[in-house]
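Examination of the molecular architecture
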Amino acid sequence: MSAFKPLLRVMFREYYSPRRFLGIGNSKSKGKAIGISIAVVYAIVAMFFSFFLMFNEVAVMLAQMNMLRLLVGFVFTYSSGFAVLYVLLRADSYLFHFKDYEQVAPLPIKPIELVAVKVILMMTGLYIMTFLITAPIMAVYFVHAGFDVLKLAYYLVGMLFVPLLPTILFSLVSLGLHRVSKAFRNNKLASIILLMGFTVALIILSTALSLSGNGFLIGQTNVIEWINTNIPISEWFIQAVAEANLLKLLFVVLIGGIPFALFVLALPKPVLRFNQTATNTVRQAYGKTVFEARGVFKSLVRKEWRKFFSVPMYAMNSGIGIVMLLLAAGATVVFKQDVIGFFELPEFSGGIAELIVIGFIAFCVAMVYTPAVSLSLEGKAFWIVKSLPLEPRKVMAAKIAFNLLLQIPAALVGALAMSIALELPVLSTLAILLFVAVFATMVSTAFAYVNLLMPKFDWINEIEVVKQSLAAVVAIFGSFGLIALSIVGILQLAKVIPVYLAILVVTAVCLLALFGFARLVARNAENLFMRMQA
Amino acid sequence: MIEIQGFSKSYDGVKFACKDIDLTIEKGDLYGFIGHNGAGKTTLLKAIAGIHGFNAGTIRVCGHSIQDEPLEAKRQLAYIPDNPDIYESLKGSQYLDFIADVFGLSIDERVKRIERFAKMFELEKALAQPISTYSHGMKQKLVLISALIHQPKVMLLDEPFVGLDPKASYLLKEVFQEMREQGTAIFFSTHVLDVAEKICNKVAIIKQGRIVASGVTADVVKDQTLESLFLELLEE
């Protein structure tokens, strides 16, 4: 009797049920479920139309050059590119080192069935995301090129096979990084550095390529053209969809499908070995036991610090903003003339350099969102802080303080370096520094409140909380909204008062918002803690 | 030390996990809490520890209401859950440091007590290791040590003997006796009826969220065994 179907069913429930994925499904919280569902639909619709409008502009430009088919090239590149990042961060836990291995290993399940289920689980998430990203581009394509059912069908089939080659390649890269990091004494830190380095390198490469033309979009179009010319499967996919070419679709299916099938068939043996080795880890010699006394608050912050650096996926995802900040600051100083020249491009004409600095720094600051997930990451150990004589608001304050320790130094260094490189006036620089400090504190406090409202203690892998929990999504997208509001506010005020004063006025508003969020956290933490059941 | 009056708790607002519970655990009591799975033992223990809120009644720990003065109440108690889920990112020593920091133990006090209990439970060498490498029993021992180092006046334990090896179980019973003599009130749930009968001066039996028998062990059991009484009460 095959265990494939029941295993797949139970795993889907475990990974993708509304209760697990969004933290809803409890009959008691209908209002919350409706609210969350509306928020999710809103986020999807907002994302669809943002991409639609953005690519509509590209389509107009491409249509003038009779190159509309290049939009399909964007679909190929975006889905492949997303697959690279998605697989790089997830393949190790989905395909190679199972958190639930000890639960499934004693069951009479064929290894190939177990691996197939895990592959399906990972690919389902990947397909959902790539579809959400590429559907608006295809919608723009159909609006400009005319709708065709066959082309739509070929797009849908093609999308199942396009991410397969990057999936194979970057699963192996993910495994390789895991193996390399294991060779280090502090393998968690090594893993964070390797993953971070790899991801940053990919971001730098793609950004550098995108900026290689006379503007961001044109630069990207040049990259897509280069990919089409040099990577045959991209051109086949474009021909399959844009020309409804069945033969080229078959090429795409075979070139992706056959290696992927072989990859999946080859997985069971090594995967079993990895997991068996992991459960039989021989204890190494550890250092001397040292005890240190410190204040409660400091102890709580230190606990957050240790958690952050012990979970590579956590550090990687919620710490990338710091790396981006420092890299950008360094790059701005080193390539000062190029950056100043870049701001003179048509897209930035009439723009204010202060706004660019504020927008970028605030964006990076918002990407450091540990307070939005750290309460959820307490998971089943949440009983500890609940049973100890600790004020819930102190626990939350420590989580905020830890985030500020991560954010503020990098944000201030980044803002200062960029301000100096762009030769901003002293008053503007000081105003920017003040804004950055207040904005970082405000979003960190807001993140903590979001996690208090939307905790997710029921998780198997930390990545479910860090990347997929509702609190993380709401925090990141919500903070983008706050950035947009700040920029619009400064832009409007700068029409009537000097820019530095406009920044200071918006900083004052952020300060008020900070007090508001701090009050919400302080007043509600205790009550919300008691209602939470980990 | 623990006064529970009219305690009721419902998770869904319909069915009560515990209903109208009155119980008093006095200084030096070693109080066994017995009941079938899902009877409401963990619910009551978690409510006393301030982990769960509740719908009705009052719980006072050393005179402090767990609802109105949670910090004062929690400073007097230690809670040990049935499943030792603890911070796996920390080393054993770091976890104990964290607990000692929360209770404001000086470096000398903590080192002395940790060394004593770590030696007793044979965990000294493992304290430098990450908790993620610990077995279930080792985690259980670490949680026990973390509860003992701050010398609580009230100990709440949910199934403390599950997962412990025979030597550790024996030592825990010894520690219970020692703490009892020092005036600590110990309230623990268990399924091991003969242990409860042997070591507890008082027992309470909970059935479907209600206390059906409680008091001095000898008075409750009378001429039967605790096991036969428990089964009899279950069948009623």
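Since the model is a prediction, treat every value here as computed from it, not as a measurement.

What counts as what
The numbers attached to residues start from 1 for each chain and follow its sequence in the written order. Each chain takes a letter, starting from A, and each ligand takes a number, starting from 1, following the order in which they are written. It should be noted that, the model being predicted, local features are given only for residues of pLDDT at least 70 and side-chain atom pairs only at 80 or more, the latter also being counted only at that level, while totals for whole chains, interfaces and linings use all residues. Processing note: side-chain calculations cover all non-hydrogen atoms of the structure and skip hydrogens and water entirely. Helical segments are the DSSP runs of H or I of at least four residues, strand segments are the runs of E of at least two, and each set is numbered from the N terminus. Only C-alpha atoms enter the radius of gyration, while the globule expectation follows 2.2 Å times N to the 0.38, with N the number of residues. Residue contacts are counted whenever heavy atoms from the two residues lie within 4.5 Å of one another. Accessible areas in this description were obtained via Shrake-Rupley with a 1.4 Å probe; residue shielding takes into account the shown protein chains only. Positive: Lys, Arg. Negative: Asp, Glu. His and the chain ends are not part of the count. Every charge is mapped onto a representative atom, which is NZ of Lys, CZ of Arg, CG of Asp or CD of Glu. The buried area of a pairing is the accessible area, by a 1.4 Å probe, that goes missing from both parts when the two are put together, added over both. For salt bridges, the criterion is a side-chain nitrogen of Lys or Arg within 4 Å of an Asp or Glu carboxyl oxygen. Scored from 0 to 100, pLDDT records how confident the predictor is in each individual residue. The buried label applies to any residue whose accessible area, calculated with a 1.4 Å probe on protein chains only, is under 20% of its type's maximum; exposed applies above 50%, and partly exposed to all values in between. Centres within 6.5 Å make a pair out of two Phe, Tyr or Trp rings, where for Trp the six-membered ring is used; the pair is then stacked when the planes are under 30 degrees apart, edge-to-face when over 60, and tilted otherwise. Note on criteria: charge over ring means Lys NZ or Arg CZ within 6 Å of the ring centre, with the direction from the centre no more than 35 degrees off the ring normal. Each helix should span, by expectation, one fewer than its residue count multiplied by 1.5 Å. For a residue, the bend is simply the angle between two axes, fitted respectively to the seven-residue segment ending there and the seven-residue segment starting there.

Turning our eyes to something else, we now look at the overall build of chain A. A count of helical and extended segments in chain A gives 23 helices and zero strands. Taking 24 Å as the expected radius of gyration for a compact globule of 534 residues, we find that chain A reaches 25 Å, a close match to that expectation. Taking the principal axes of its C-alpha atoms as reference, chain A extends roughly 65 × 60 × 50 Å. Looking at chain A alone, contacts between residues at least 24 apart form 83% of all its contacts between residues at least 6 apart. Summed over its atoms, the accessible surface of chain A is roughly 24,500 Å², and 70% of this surface lies on carbon and sulfur atoms. Each charge class in chain A can be summarised by its mean position, and for the 41 positive and 23 negative side chains these summaries are 12 Å apart.

Here we come to the interface of chain B and chain A. Counting residues at the interface gives 44 residues for chain B, matched by 33 residues for chain A. For the pair chain B and chain A, the summed buried surface comes to about 3,400 Å²; carbon and sulfur atoms form 64% of the total. Run the count over chain B and chain A and you get one salt bridge. With a shortest N-O distance of 3.8 Å, A:Arg294 and B:Asp101 are connected by a salt bridge. At the level of secondary structure, the elements contributing two or more residues to the side of chain B that touches chain A comprise helix H2 (70-75), strand E6 (77-80), helix H3 (92-102), helix H4 (107-120) and helix H5 (136-148) of chain B.

Now for the confidence of the model for chain B. Across chain B, the average pLDDT comes to 91, with 100% of residues at 70 or higher. Reported for the predicted complex are a pTM of 0.80 and an ipTM of 0.88.

Time to look at unusual backbone geometry. With the exception of glycine, the majority of residues adopt a negative phi angle, and the majority of peptide bonds are in the trans configuration. One non-glycine residue, A:Ala244, adopts positive backbone phi at about 50°. With respect to the helices and strands, A:Ala244 occurs in the loop between helix H11 (232-242) and helix H12 (246-266). The class of A:Ala244 is partly exposed, set by a relative accessible area of 21%. Here the phi dihedral of B:Asp20 falls at roughly 45°; this positive angle occurs in a residue that is not glycine. In this fold, B:Asp20 is placed in strand E2 (residues 16-25). The partly exposed category is assigned to B:Asp20, whose relative accessible area is 45%.

For the rest of this paragraph, the subject is helix H1 (residues 41-48) of chain B. Burial analysis of H1(B) places seven of its eight residues in the buried class, which makes it a mostly covered element. Of the residues flanking the end of H1(B), it is B:Gly50, one or two places downstream, whose phi is positive at about 80°.

To continue, consider the packing of aromatic side chains. Evaluation of the coordinates by the stated rule reveals 35 aromatic pairs over all chains. Within the aromatic cluster, the residues linked to one another by ring pairs are A:Trp305, A:Phe308, A:Phe309, A:Tyr314 and A:Phe402. In this structure, A:Lys118 is placed above the aromatic ring of A:Phe98, and the distance from its NZ or CZ to the ring centre is 4.8 Å. Residue placement shows B:Lys19 over the ring face of B:Phe16; its charged tip is 4.2 Å from the ring centre.

Below, the discussion takes up helix H23 (residues 499-531) of chain A. All names here are of chain A. In this model H23 runs 46 Å from its N-terminal to its C-terminal C-alpha over 33 residues, within 8% of the 48 Å that 1.5 Å per residue would give. In the structure, H23 departs most strongly from a straight axis at Ala-525, where the bend amounts to approximately 50°. Buried within H23 are the following residues: Val-499, Ala-502, Ile-503, Val-506, Thr-507, Cys-510, Leu-514, Val-521, Ala-525, Leu-528 and Phe-529. Its buried side turned inward, H23 meets helix H17 (353-366), helix H18 (382-387), helix H19 (392-421), helix H20 (426-453) and helix H22 (470-493).

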